[in-house]
Amino acid sequence: MLGTILYGARDVRCEEVPEPKILHSTDAVIRLSASCVCGSDLWPFRGLNDVTSPMAMGHEYCGVVEEVGSAVTSVRPGQFVVGSFCISDNTCPHCRFGFQSSCQQREFMTGAQAPLARVPLADGTLVATPELPPDDLIPSLLAASDVLGTGWYAADAARVQPGSTVAVVGDGAVGLMGVLAAKQMGAGRIIAMSRHKARQRLALEFGATDIVSERSDAGVDRIKALTDGIGADSVLECVGTKEAMTQAIRCARPGAMIGYVGVPHGVELDGQWLFFSQTGMMGGPAPVRRFLPHLIDLVLKRKIEPGKVFDLTLPLADVAEGYRAMDERRAIKTLLRV
Ligand SMILES: [Zn+2]
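Residues numbered from 1 in each chain as written. Predicted model: local features only at pLDDT ≥ 70, side-chain atom pairs only at ≥ 80, totals over all residues. Heavy atoms only, no water.

## Focus: the nonpolar core
Note the threshold: For this analysis, a nonpolar core means a set of buried residues of the types Ala, Val, Leu, Ile, Met, Phe, Trp, Tyr and Cys, connected via side-chain atoms within 4.5 Å. Partly exposed describes any residue whose relative accessible area lies between the buried limit of under 20% and the exposed limit of over 50%, with all areas from a 1.4 Å probe on protein chains only and scaled to the type maximum. Helix and strand assignments follow DSSP, with helices taken as H or I runs no shorter than four residues and strands as E runs no shorter than two, numbered in order from the N terminus. What makes two residues a contact is simply this: any of their non-hydrogen atoms within 4.5 Å.
Ranked by internal contacts, the top residues of the largest apolar core, which has 57 residues, are Val82, Leu141, Leu148, Trp152, Val160 and Leu236. In terms of residue count, the dominant contributor to this core is helix α6 (residues 173-184) (eight residues). For Val82, the residues in contact, after removing those within four places along its chain, are Tyr61, Cys62, Thr125, Leu126, Val127, Leu141, Ala144, Ser145, Leu292 and Ile296. In this structure, Val212, Val220, Leu226 and Ile249 belong to the second largest nonpolar core, which totals 18 residues.

So this is what it looks like as structure tokens:
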């Protein structure tokens, strides 16, 4: 079959790879309904993470179970499933506490930019839908696997409440999903920070009430001006750079929570500055598995349409163009037909 392999900076190829097999009794092999490129795939693509050996890319997935190992009991061949990018047993103390992304048996999904993928710990990781979903819902179900679950976690971690004022730093797919999540959680005001017209439009569609296109001091001033000089009750940091994290903390009112889900690259914070900011911070890799049943239900009932975040669709063979389009910000998120 064809699969996606990253060899080094800006060198991603679609090439012939072996089909995945059941390696452990707790594995499942699924046939993907679609795949996609994640913003976090761009870190190694841009050479910001070391690529020491060829990497099988792809960690967002949904599709139909082909085969399960002998110990798998909760899913069976023929069922449609969605899983998290974090593999988890869903039974250890961290999983039971709702932090499946720190599972004692955690692995990170790989190899899902392909028609078939092996999912370890299938019982703990996969959530089956009651029946096969209609094709038009596939992009939204695929989004639940990572970007929607991550945006949702950012809002959950930032303790978005009904009526609260939320600021979202970052207009990538996760930031836009954070807007959608804040809306679902009943936020009264959602301020999206974005300088890009297409992304601003999508943010407004997902529920943003205000757009702030300024950054740094001017961005902070705008948010303060919009909140009577107070700052936001909840801030979602969905980028991972020092500038974005600093912006998030400066936009937050004392007592606010910041949900930070951008993988930090070069972020260092001053202790005294943090101390006097009086903000709480919760972040890390999203425990998407905690939210999956609810998110799948919202999609199946057509209450949300996170799949709108895909603005470019390509065949798997053109995966390299999918990476480039996102890298150059010509696309928000690339869906891959497998
Ligand atoms: Zn666990």
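From this point, the narrative continues.
## Looking at empty space enclosed by the protein
So the rule is basically this: Of the grid points, spaced at 1 Å and generated over the protein atoms alone, those admitting a 1.4 Å probe that cannot get out make up cavities, while open sets with protein on both sides within 12 Å along at least five of seven lines make up pockets; any residue with an atom within 4 Å of a point is treated as lining. Grid points are joined across faces, edges and corners, and a volume is the space filled by probe spheres set on the points. Charged means Asp, Glu, Lys or Arg here, nonpolar means Ala, Val, Leu, Ile, Met, Phe, Trp, Tyr, Cys or Pro, and polar covers whatever is left, Gly included.
For the structure on display, the rule yields one cavity of 30 Å³ or more. If you add up the space inside the largest cavity, you get close to 30 Å³. Lining the largest cavity are Val168, Gly170, Asp171, Gly175, Leu176, Val179, Ala192, Met193, Ser194 and Ala203. At the level of secondary structure, the elements contributing two or more residues to the lining of the largest cavity comprise α6 and β12 (189-193). Counting residues per element, the lining of the largest cavity draws most heavily on α6, which supplies three residues. Considered class by class, the residues forming the lining of the largest cavity number six nonpolar, three polar and one charged.

## Describing the coordination of the zinc ion
The test is simple: For Na, K and Ca the donor cut-off is 3.2 Å; for every other metal, N, O and S atoms count as donors within 2.8 Å. Water does not enter the count, which can leave sites looking incomplete.
Taken together, the protein ligands of the zinc ion are Asp89 (OD), Cys92 (SG), Cys95 (SG) and Cys103 (SG), with distances of 2.1 to 2.3 Å. Considered as a linear motif, the donors of the zinc ion on their single chain read D-x2-C-x2-C-x7-C. The pair Asp89 / Cys92 is uniform in exposure class, with both members buried.

## Describing the packing of α6 against helix α7 (residues 197-206)
Put simply, the rule is: All axes are obtained by fitting lines to C-alpha atoms, using only the stretch in contact for helices, and the reported angles, taken between N-to-C directions, cover 0 to 180 degrees. Note that the term roughly parallel is reserved for angles under 35 degrees, roughly antiparallel for angles over 145, roughly perpendicular for angles of 65 to 115, and oblique for everything else. Handedness of a helix crossing follows the sense of rotation of the near helix relative to the far helix, less than a right angle counterclockwise being left-handed and clockwise being right-handed.
α7 packs onto α6 with a crossing angle of 20° between their chain directions and a minimal axis gap of 8 Å. Here α6 lies roughly parallel to α7, going by the angle between them. In this structure, the crossing between α6 and α7 has a hand that is right-handed. Between α6 and α7, the residues in contact are Leu176, Met177, Val179, Leu180 and Lys183 and Arg199, Leu202, Ala203 and Phe206, respectively.

## What about the side chain of Gln113?
Condition: Polar contacts, as used here, are pairs of N or O atoms within 3.5 Å; protein pairs need one atom able to donate a hydrogen and one able to accept it. Residues neighboring in sequence count only if both atoms are side-chain atoms.
Within the fold, Gln113 resides in the loop between β8 (107-108) and β9 (116-119). Within polar-contact distance, the side chain of Gln113 engages the side chain of Asp41 at 3.0 Å. Sequence-distant contacts of Gln113, defined by excluding residues within four places in its chain, comprise Gly3, Thr4, Ser35, Cys36, Val37, Asp41, Met57, Gly58, Leu316, Val319, Tyr323 and Leu336.

Function cannot be inferred from these measures alone, as they are strictly geometric.
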